[in-house]
Structure formats: structure tokens, C-alpha cells
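Chain residues, written in single-letter form:
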Amino acid sequence: MLTYVLKRVLMTIPVMVVVALFVFLLLRLAPGDPAAVIAGDYATAEDVQRIREQLGLSQPIIVQFFNWSLQLMQGDLGTSIFSNKPVTELIAQRIEPTMLLALTTILFSILVAVPLGTIAAFRAGSWVDRSVMLFSVGGFSVPVFVLGYILIYVFSLNLRILPVQGYRSPFEDGLGPFLAHITLPTVTLSVIFIALIARMTRASVIEVLEEDYIRTARAKGQSEFKVLMRHALRNAAVPIVTVVGIGIALLIGGVVVTESVYNIPGLGRLVLDAVLARDYPIIQGLILFFSFLYILLNLLIDLTYTFLDPRIRY
Amino acid sequence: MAEQSAHDTAAATPMPKGIKDPSVFQLALRNKSVFWGSILLALIVVIAAIGPFLTLDPVALNPMNRLKAPGEAGLFGTDQLGRDVFSRVVNGARVSLIVGLAVAAVAVAIGLFLGLIAGYIRVMDALIMRVMDGLMSIPAILLAIAMISLSGATLATVVIAIVIPEIPRVVRLVRSVVLTVREEPYVEAAISVGTPVPLIMSRHVLPNTIAPLIVQATYICGSAMLTEAILGFLGAGIPPEIPSWGNIMSEGRTFFQLTPWIIFFPGICLAVTVLAVNIVGDGLRDTLDPRIARNMR
């Protein structure tokens, strides 16, 4: 067990190295002169040179990578070109709305998707099952931002029951305003996540329902509800949890879009502002931040199995 | 799990050799969702192909006719510069379809190549798969945004930026097929009689990858269209001179409360197109890949 945990932790290192190398090479291998692209159409030669210096592009590439990795290992994600602030500081300022939105979305999605998928599996082939599957195909097809605008149009502009846009912090403005502002973004972002989790839950529960121990449980007269909850769902949990972990990558992309639709001042908006301002170090820092976060969360999920599911022994 | 899948796929997709067994595509078309999805898709392709010749100029400005409602001026109204939204949406269909197809084709080609190498050449396996693991942990949209902001937004850079995050999934799929096929008795037999590696690849391994790759390609096509629209919507996609569903919606944001249809029309078109592609994909998966289908049904 301990060797497995150790092995699994060590396995994340090459992945992180690949991510870092890739992000590092992205800037260096970009066609044309990235410093000129970042500087924009109206930049003078001095501007371009200044940006090149700031990105460290004038040194030999090996030296660049060495210095850059050294900084990275000390937790330095780079410095913004325009505000001259460390990217980690900018991330810290904007992280609260993003993390809370991600959290409400994951909670809401699981609460909706797991029961939906379980019922669909239990009544496989029925109209309930077909509508769940239809919803999941639809959920993968509707763009996040279109859904966002439809929800704003219906609930904010026409029915006027929820605020149009913006964000309120639960720590400063109280829980009520926070929930009112976070509801539509959460629902918007959840749809694709619900589609994903419901599909996996259904597939996984259907497979478990064919097992011998389910027949045994039914044969000894256990109620269908208990069969589902105690035997089926619990054994189907591992693939469901895995898909939640994989879905976090999806969630990160969705957060950028959702924050843009609902004007939420989080990390997604930080990316977009950086794109508009051509502030590449911020974009690069955020890619590294999100990628490492994703790797660590999936490590955590993998390790959780070994404690939750006694059948998994390595 | 993966071992089974490749085996069943091979069994379920009779590869016509000599005997005219027209099954694969005819079988697929017999599937209801493939049939209706294909019809819907064909309709969209026709509109995208000939529509732009029949509609107004999508970039012609008409300042007198700004922000008109649908029906008041043109079928879908006009935007803040007085451009006809209907012609813009019809023209935008081209961008979505081109990006979807291009991304699917390029991602499958590169993924197939790398997957065959990883599956067959043991030394390369670990290297390629670690790189793919790393690539998969980078959020696709952020990676695309970064690449586009470095090299400037053109149709080509947008396609490349969407292709790269899609490659790992294809590589994993192809590799898993190769790993199982190479253990099959008929491949061992081929090796034992001294068949050269390229011939084993093209005659025994490649045909087994076709069915799962077709299914994967349709899903990539659908998600590429969505990503293109998201990039356009965020202002990091196809430049505004070429109308695309993404950048029409992006420009519609400013006046959303006044003229929500500028977002809704292209949005609905995009959703319907992606839905059609995904329905075809689901249907193909059911007919071509019975093992996954059994789990998903």
C-alpha cells in the first residue's frame, strides 16, 4: 500500500515535467517573433526588445530553461509585463470566485447527475432512461455561453428573479447575495458536467446490476432501494469518481467562458484580460497553475480509492 | 477492458476482402440516429456550400439599419453595424464545418501515426505516452488561447490550436488497439512467417483501428466546433473579418439586453450542428463498436 502511494506520487513528476517543458517551448517555438506579437502592431523596436528581455528570450535556450525551471520550483510563475506584479499574487487576488464557482458546480452536478444516472440505469430502456440520455447528448452539444445567455434572458431579464451578472463574496457580502449571484453560473457550468457524470453513472450502475451479488441481494429479499444504494451504487462508485476527476479539465475551460458571460472577476477573467492586454506571462502562469492543480487533484482522487475501495490493492 | 474492445471491434467490423460485403456503411445507415443525423448534417453542409451565394453581403455595413429586429430588416435582423445577421450566420456555417473537419482529420492522422509507434515500438511507448499524459493535463481552451495569442489568430492557427489538445485521446485509442491486436494469433502467425513490420501494420493492425477512429473522429469534429466558437466568443478566435458563429456571438454581447437574437441565432445553429454530429457519432459507435455500445446503451 505504502509503495503504491509512493509510486503514484512519483508518477506525477514526469507528467509535471512534460507540462513545464511544453509550456516553456510554446513561447520559444511559436512561429514568428513572439515578442513582436505580444508587443502588438503599434510597438516600437525598443518595446519589442524590452519584452524580449523581460521574457528572457535573449539568452541561450538551455540557460533559459534552467533559470525558468529553477524559478518554477520555487513557486514563481513569472511576472506580468504590464502591472509588473508576480503572477502568483494576481492569482491569489482572483482565486476566490473561481474556486467557489467550481465547488458549487461540482456539488450541484453530483447531486443531480448521480441520482439521474442511477434511475436511468435502474429503469434502462424506459422513457426516464431515454430522456436522461437525450439530455446528456444535448448537454454535450449546447455551447456553455449560449446556455448562459439563454438563462440570463429567461431568469434575469424576463422573470427578473435573479441578478443579471456580477459576483458577491460570501465572506464580505453575506451568503444570500452570494447564492443569488452564483446560481445561474453554477447551473450553466453544470449542464455539461451533469451530462458527463450521468452518462458514466448509468453505464457503471448497469454493469454492476448484472453482477451475481446483486442477484443474491435480491434473492434474499432486500428492497430494491437498498439493492441500488447499498450494493449497486457503492460498487459503481470508482468509475464515477474517476470521471469527476477527468471532468475537472472540462470544468476549467468552462469556468473561463462562464466567468466571461456572467462578469465574474475570477481567474477566467484574468486570462481574458491578459489576452486583450497581450500579457503572455499571465497566460503562461495560469496554464501552469491549472495544469498542476489538475494533476494534483487527480492524484488525490486516485489515492482516495485505495482507502475507499478495499478491493483495490497494489 | 481495452483488450476486449479491440477484439470485438475486429469481429464486428467485417473487412470486405474480395467478397463484396457492403456492410459497414449500409449497416451504419440502417441505424436510426446515424440516418437522421446524417440527413440533418447534409442539409447544413448544403446551406454552408451554396447559401453564401444567395444571401446578402455578410460584411456590408448599413449604418441606417442598425440593430433591427428579425423580420424588420432581414430574416434574423441586423447587428450594431447594420450587417445582415442572417447572411452572417449562413457564412459562419462554413467556418464551423471547415474547422470541425480539419481538426478531426489532422488530429486523427497525427494521433494514428503516434499511436501506431507507441503501440508497436516498446522503446517509444513510455516516451510518447508520458508526453501525452502531460498534454492531457493542460486545459484545452487555455492552451489554445495561449497558442493563438502567441502566433496571431488565423484559420490555420485556430485549427492547430484546437488539434493539439485532441491528439492524446487518439493516441491512447490507437495504442490500445495495437497492443491487443499484436497478441492475436493471426498477427503472431504473420510474424512467425517473417512478414515485415510495415506489412503487419497495414494489413493487420490498421484495419482494426478504423472503426473506433471513425467514431472518435466524429466526436472530435463536434467538440472542435464548440471550441472554435468558444475561442471566437472570447475574442481569441477567427478574426472578425471572416464571420464565424463564435465571433458573431462575441459581437452580439454588447447589445445582448437589447438584441438577444444576435447571440441566439448563431448559438442555436451551432448547437443543432454539433448535436447532429454527436448523434451520428453515437449511432456509429452503436453499430461499429458493440462493446462500448453495450455499456452506453
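Residues numbered from 1 in each chain as written. Chains lettered and ligands numbered in written order. Predicted model: local features only at pLDDT ≥ 70, side-chain atom pairs only at ≥ 80, totals over all residues. Heavy atoms only, no water.

K.L.:
Can you walk me through the overall build of chain A in this structure?
P.N.:
Of regular secondary structure, chain A possesses 13 helices and zero strands. Along the chain direction, N to C, the helices and strands of chain A fall in the order α-α-α-α-α-α-α-α-α-α-α-α-α. When the backbone C-alpha atoms are referred to their principal axes, chain A occupies close to 80 × 60 × 35 Å. Buried positions account for 50% of the 314 residues belonging to chain A. Approximately 15300 Å² of chain A is accessible, and the part contributed by carbon and sulfur atoms is 67%. Across chain A, the mean location of the 23 positive side-chain charges is 12 Å away from that of the 21 negative side-chain charges. (Helix = DSSP H or I, 4+ residues; strand = E, 2+ residues; numbered from the N terminus. Buried < 20%, exposed > 50% of the residue type's maximum accessible area, 1.4 Å probe, protein only. Areas by Shrake-Rupley, 256 points an atom, 1.4 Å probe, with all protein chains shown as cover. Lys, Arg positive; Asp, Glu negative; His and termini not counted. Charge placed at Lys NZ, Arg CZ, Asp CG, Glu CD.)

K.L.:
I tried to follow the side chain of B:D125 on my own but got confused; where do I start?
P.N.:
All names here are of chain B. In this fold, D125 is placed in helix α5 (residues 122-137). The exposure class of D125 is buried, given its relative accessible area of 14%. Not counting residues within four places of it along the chain, the set of residues in contact with D125 comprises A118 and R175. (Contact = heavy atoms within 4.5 Å.)

K.L.:
Looking at this structure, I do not really get the confidence of the model for chain B. What am I missing?
P.N.:
Low-pLDDT stretches of the model should not have their predicted coordinates read in fine detail. Residues and elements named next belong to chain B. For chain B, per-residue confidence averages 79 on the pLDDT scale, and 78% of positions sit at 70 or higher. In the model, residues 292-297 has pLDDT below 50 throughout and makes 14 contacts with residues more than four positions away in sequence or in other chains. This prediction of the complex comes with two scores: 0.83 for pTM and 0.82 for ipTM. (pLDDT = per-residue confidence, 0-100.)

K.L.:
Would you mind showing me how to read helix α11 (residues 237-262) of chain A here?
P.N.:
Note on helix geometry: an α-helix contains 3.6 residues per turn, so any two residues three or four positions apart are oriented the same way. The largest bend along α11(A) measures about 35° and falls at A:A249. Immediately downstream of α11(A), the backbone of A:N263 shows phi near 55°, a positive value. (Bend = angle between axes of the 7 residues up to and from the residue.)

K.L.:
How do you make sense of the interface of chain B and chain A when you look at a structure like this?
P.N.:
By convention, interface size is frequently given as the accessible area that disappears when the constituent parts associate. Between chain B and chain A, the residue contacts involve 45 residues of the former and 49 residues of the latter. In total, about 4000 Å² of surface goes out of reach between chain B and chain A, with carbon and sulfur atoms giving 77% of it. Counting every contact that joins chain B to chain A gives one salt bridge. The partner of B:D282 in a salt bridge is A:R199, with the nearest N and O atoms 3.1 Å apart. For the pair chain B and chain A, the interface holds four residue pairs in polar contact (both at pLDDT 80 or more). (Buried area = accessible area lost by both parts, 1.4 Å probe. Salt bridge = Lys/Arg side-chain N within 4 Å of Asp/Glu carboxyl O. Polar contact = N/O pair within 3.5 Å; in protein donor to acceptor, adjacent residues only side chain to side chain.)

K.L.:
Help me understand the pattern of salt bridges, please; the structure alone is not making it clear to me.
P.N.:
Pairs can form between side chains of opposite charge whenever their charged atoms are close. Counting across every chain of the model gives twelve salt bridges over all chains. Across the salt bridge formed by A:R94 and A:D273, the nearest N and O atoms sit 3.6 Å from each other. Separated by 179 residues along the polypeptide, A:R94 in helix α5 (residues 87-122) and A:D273 in helix α12 (residues 267-277) bring together distant segments of the chain. The exposure class of A:D273 is partly exposed, given its relative accessible area of 31%. The residue B:D133 makes a salt bridge to B:R172 at a minimum N-O spacing of 2.7 Å. Linking B:D133 in helix α5 with B:R172 in helix α7 (residues 155-181), this pair joins segments that are 39 residues apart in sequence. Note on B:D133: relative accessible area 18%, which makes it buried. Look at B:R172 and you get partly exposed, because its relative accessible area is 39%. Connected via shared salt-bridge partners are A:R199, B:D282 and B:R285.

K.L.:
Quick question: what am I supposed to make of the environment of A:S260 here?
P.N.:
Note on placement: A:S260 falls in helix α11. Through-space distance from the C-alpha of A:S260 to that of A:S80 is 21 Å; in sequence the pair is 180 residues apart. If we skip the residues at most four places from it in the chain, A:S260 touches A:L272, B:F233, B:L234 and B:R253. Within polar-contact distance, the side chain of A:S260 engages the side chain of B:R253 at 2.8 Å.

K.L.:
Before we go on, may I ask you to explain a nonpolar patch on the surface in this structure?
P.N.:
Residues and elements named next belong to chain B. On the surface, L40, L43, I47, I268 and V272 cluster together to form a nonpolar patch covering roughly 400 Å² of accessible area. Sort the elements by how many residues they give to the nonpolar patch and helix α3 (residues 32-54) lands first, with three residues. On the secondary structure map, V272 appears in helix α11 (residues 261-288). (Patch = residues over 30% accessible without salt bridge, like charges linked within 9 Å, V, L, I, M, F, W, Y side chains within 5 Å.)

K.L.:
Quick question: what am I supposed to make of the nonpolar core here?
P.N.:
The tendency in soluble globular proteins is for nonpolar side chains to be buried as a group. The biggest cluster of nonpolar side chains holds 138 residues, and the ones touching the most others in it are A:F145 and B:L234. Each residue touching A:F145, except ones within four places of it in the same chain, is listed here: A:V257, A:V261, B:A229, B:I230, B:F233 and B:M249. Within the second largest apolar cluster, 24 residues are counted, among which are A:L196, A:L209, A:I214 and A:L228. (Core = buried A, V, L, I, M, F, W, Y, C linked by side-chain atoms within 4.5 Å.)

K.L.:
For this particular structure, what's the right way to read the confidence of the model for chain A?
P.N.:
The predicted model of chain A has a mean per-residue pLDDT of 83, with 97% of residues at 70 or higher. Across chain A, the secondary-structure element scoring lowest on mean pLDDT is helix α2 (residues 34-39) of chain A, at 72, and the one scoring highest is α5(A), at 89.

K.L.:
Which parts of the structure should I look at to understand the packing of aromatic side chains?
P.N.:
Each aromatic ring pair is characterised by the separation of its centres together with the angle its planes make. All names here are of chain A. Overall, the coordinates contain nine aromatic pairs over all chains when judged by the stated rule. Here F24 and W68 contribute two aromatic rings whose centre-to-centre distance is 5.4 Å and whose plane-to-plane angle is 45°, an arrangement assigned as tilted. Placement of the pair is F24 in helix α1 (residues 2-29) and W68 in helix α4 (residues 61-73), with a sequence separation of 44 residues. Exposure remark for F24: the relative accessible area of 2% places this residue in the buried category. (Phe/Tyr/Trp six-rings, centres within 6.5 Å; stacked < 30°, edge-to-face > 60°.)

K.L.:
Mind showing me how you'd approach a positive patch on the surface here?
P.N.:
Residue and element names in this part refer to chain A. A cluster of basic residues, K220, K226, R230 and R234, forms a positive patch on the protein surface. Residue position: K226 is located in helix α10 (residues 224-235). For K226, a relative accessible area of 39% puts it in the partly exposed group.

K.L.:
How do you make sense of the packing of helix α9 (residues 212-219) of chain A against α10(A) when you look at a structure like this?
P.N.:
Packed helix pairs are specified by the crossing angle of their axes together with the interaxial distance, meaning the distance between the axes. Residue and element names in this part refer to chain A. Close contact between α9 and α10 brings their axes to 10 Å; oriented N to C, the two are set at 160°. When the axes of α9 and α10 are compared, the pair comes out roughly antiparallel. Between α9 and α10 lies a crossing whose hand is right-handed. Only E224, V227, H231, A232 and N235 of α10 make contact with α9, whose side of the interface consists of Y213, I214, A217 and R218. Of the residues belonging to the contact of α9 with α10, the class tally is five nonpolar, two polar and two charged. (Axes fitted to C-alpha atoms, helices over the stretch in contact; angles between N-to-C directions. Parallel < 35°, antiparallel > 145°, perpendicular 65-115°, else oblique. Left-handed = near helix turned anticlockwise from the far one by under 90°. Nonpolar A, V, L, I, M, F, W, Y, C, P; charged D, E, K, R; others polar.)

K.L.:
Whenever I open this one, the side chain of B:N247 confuses me. Can you help?
P.N.:
All names here are of chain B. Mapped onto the elements of the fold, N247 is located in helix α10 (residues 245-252). A polar side-chain atom of N247 sits 2.9 Å from the main-chain carbonyl oxygen of I242. Beyond its immediate sequence surroundings of up to four residues, N247 is in contact with R88, G232, I238, P239, P240 and I242.

K.L.:
Please clarify how the packing of helix α4 (residues 85-120) of chain B against α10(B) should be interpreted in this entry.
P.N.:
All names here are of chain B. Two numbers describe how α4 lies on α10: the axes approach to 8 Å, and their chain directions differ by 135°. With respect to each other, α4 and α10 are oriented oblique. Where α4 approaches α10, its residues R88, V89, G92, A93 and S96 are matched on the opposing element by W245, N247, I248 and E251. The residue inventory of the contact of α4 with α10, partitioned by class, reads four nonpolar, three polar and two charged.

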